[in-house]
Amino acid sequence: MASVPFSDDGIGIANLPNQRHKIVAKHGAHFTVMVVGESGLGKTTLINTLFSTELSPTKNYLKRHQKQLDKLTEVEIIKAELEEKQFKTKLTVIDTPGFGDYVNNRDSWTPIVDFIDDQHEAYMRQEQQPQRIDKIDLRVHACLYFIRPTGHTLKPLDIEIMKRLGTRVNLIPVIAKADTLTQNDLFTFKQRIRQVIQAQGIRIYQPPIEADDEVSAEHARVLSEAMPFSIIGSTEDVTTLDGRVVKGREYLWGVAEVENENHCDFRKLRSLLIRTYMLDLISTTEELHYENYRQAQMETRKFGEQKPRKFENPKFKEEEEALRKRFTEQVKAEEARFRQWEQHLIAERDRLNKDLELAHSAIKALEAELDNLQVGYRGTGRR
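The following paragraphs examine the structure supplied in this document. What you see is a predicted model; the values in this text were computed from it and never measured.

**Topic: the side chain of threonine 284**
For threonine 284, the location among the structural elements is in helix α8 (residues 278-300). Setting aside its immediate chain neighbours within four residues, threonine 284 contacts Asn170, Tyr205 and His289.

This is the structure we're talking about:
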């Protein structure tokens, strides 16, 4: 039987990081990322490119207008287990098809915001149970918000939802399909977006700057200055003019490479999201966003009390408004009909009163004539 080696180098506190490494390596990690943006901006393609696997098949956006009557933002959950160098990560991708695809996008962010809050609520409820071993955790650790490459600035819809997301989740804005803009236009577009984010007070995720590690601090500054990240997504292998096989998109003028930092910020996004700051995204979600939600709920609710449900589904609100409008129109129509009946009844009453007065006059005339006849008859009888 092999003996366990013992070391006389210190008391062993310095070995705690190694112990932690073994625990993490054994249990793996769980990471949840949400993608939000209009259809056709390459959300699915970017996720497949980031994790080098086809987590979700590319959607046919030619049919996205067939569900226009629903006018609802959906929430789709995609789960996968990735393994690299014998380390396993349970990945959950939250997609939001239907967001921003309609002429009237009022309250289209409600299902997204409600989903994030519901995951915090579900986790808090599980923590209050006697048995807390098998907790289901779908709290969103990072939210990639896709901005359409218009070259102008953020739209009002972008500002509204980014304000709401920034207080609930680690928000990371990205400019989709950056290869459709020139370098000068892209630089100007980024500056305008940063100005709007600062002016509107939108909270976005900032990687922590470690003062005692200059290399890590400089890397964090580079990532912060690159936001919003300009992104090119592609899972196809293409050959460059110099014979290299890379992930990218092929055009008549050449190849837009996914991992070329002169073409886009894909490598910076991957470093922020996975390679360098994934654990910080997870801990920030736990220690900041979840704790903020938990504190707000505990201040207004009793222990174990159910969260009051908000019946503010955009579909129900539109139906309610339509019903209210139709009810108002019906009430107005009934009131108009009642007024017509009232006028008819008044006219009929006036006619009957007039006929009654004529009848009374005729009766009085007949009574007078009868009295005259009786007086004349009496006078003739005396003679």
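Back to the text.
**Remarks on the packing of aromatic side chains**
Tallied over the full model, the rule gives four aromatic pairs. Ring geometry for tyrosine 123 and tyrosine 290: centres 5.4 Å apart, planes at 90 degrees, overall edge-to-face. Placement of the pair is tyrosine 123 in helix α3 (residues 110-127) and tyrosine 290 in helix α8, with a sequence separation of 167 residues. Of the two residues examined, tyrosine 123 and tyrosine 290, each falls in the buried class. Geometry around tyrosine 123 places arginine 139 over its ring, the cationic atom sitting 3.6 Å from the centre. The ring centre of tyrosine 290 lies 4.8 Å from the NZ or CZ of arginine 139, which sits over that ring.

**Concerning the sheet that holds strand β5 (residues 171-175)**
Note: strands within a sheet are paired through backbone hydrogen bonds, in either parallel or antiparallel orientation. Pairing is mixed across the open sheet formed by six strands, whose spatial order is β2-β3-β1-β4-β5-β6. The open sheet has two edge strands, β2 (76-84) and β6 (229-230), and neither has a second partner. Relative to strand β3 (residues 87-95), strand β1 (residues 29-36) is paired through seven bridges, and the arrangement is parallel. Each residue of the ladder has a partner; that of phenylalanine 31, found in β3, is leucine 91. Against the sheet, α3 engages β1, β2 and β3, with an angle of about 165 degrees to β1.

Cut-offs used in this document
- Within every chain, residues take consecutive numbers counted from 1 along the sequence as written.
- Reporting of local features is limited, given that this is a predicted model, to residues whose pLDDT is at least 70; pairs of side-chain atoms are given and counted only at 80 or more, and all residues count toward the totals for whole chains, interfaces and linings.
- Hydrogens and waters are ignored; side-chain quantities use all the structure's heavy atoms.
- The numbering of helices and of strands both runs from the N terminus, where a helix is a DSSP run of H or I of at least 4 residues and a strand a run of E of at least 2.
- Here a residue-residue contact requires only that any non-hydrogen atoms of the pair lie within 4.5 Å.
- To pair, rings of Phe, Tyr and Trp, with the six-membered ring standing in for Trp, must have centres within 6.5 Å; the planes then decide the type, stacked if under 30 degrees apart, edge-to-face if over 60, and tilted in the middle.
- For every residue, the accessible area (1.4 Å probe, protein chains only) is compared with the maximum for its type, and the residue is labelled buried under 20%, exposed over 50%, or partly exposed between those bounds.
- Whether a charge sits over a ring comes down to the Lys NZ or Arg CZ being within 6 Å of the ring centre and within 35 degrees of the ring normal.
- Only strands joined by at least two bridges in the DSSP assignment are considered to pair.
- For helices, the axis comes from a line fit to the C-alpha atoms of the stretch in contact; other axes are also lines fit to C-alpha atoms, and the angle between any two N-to-C directions lies between 0 and 180 degrees.

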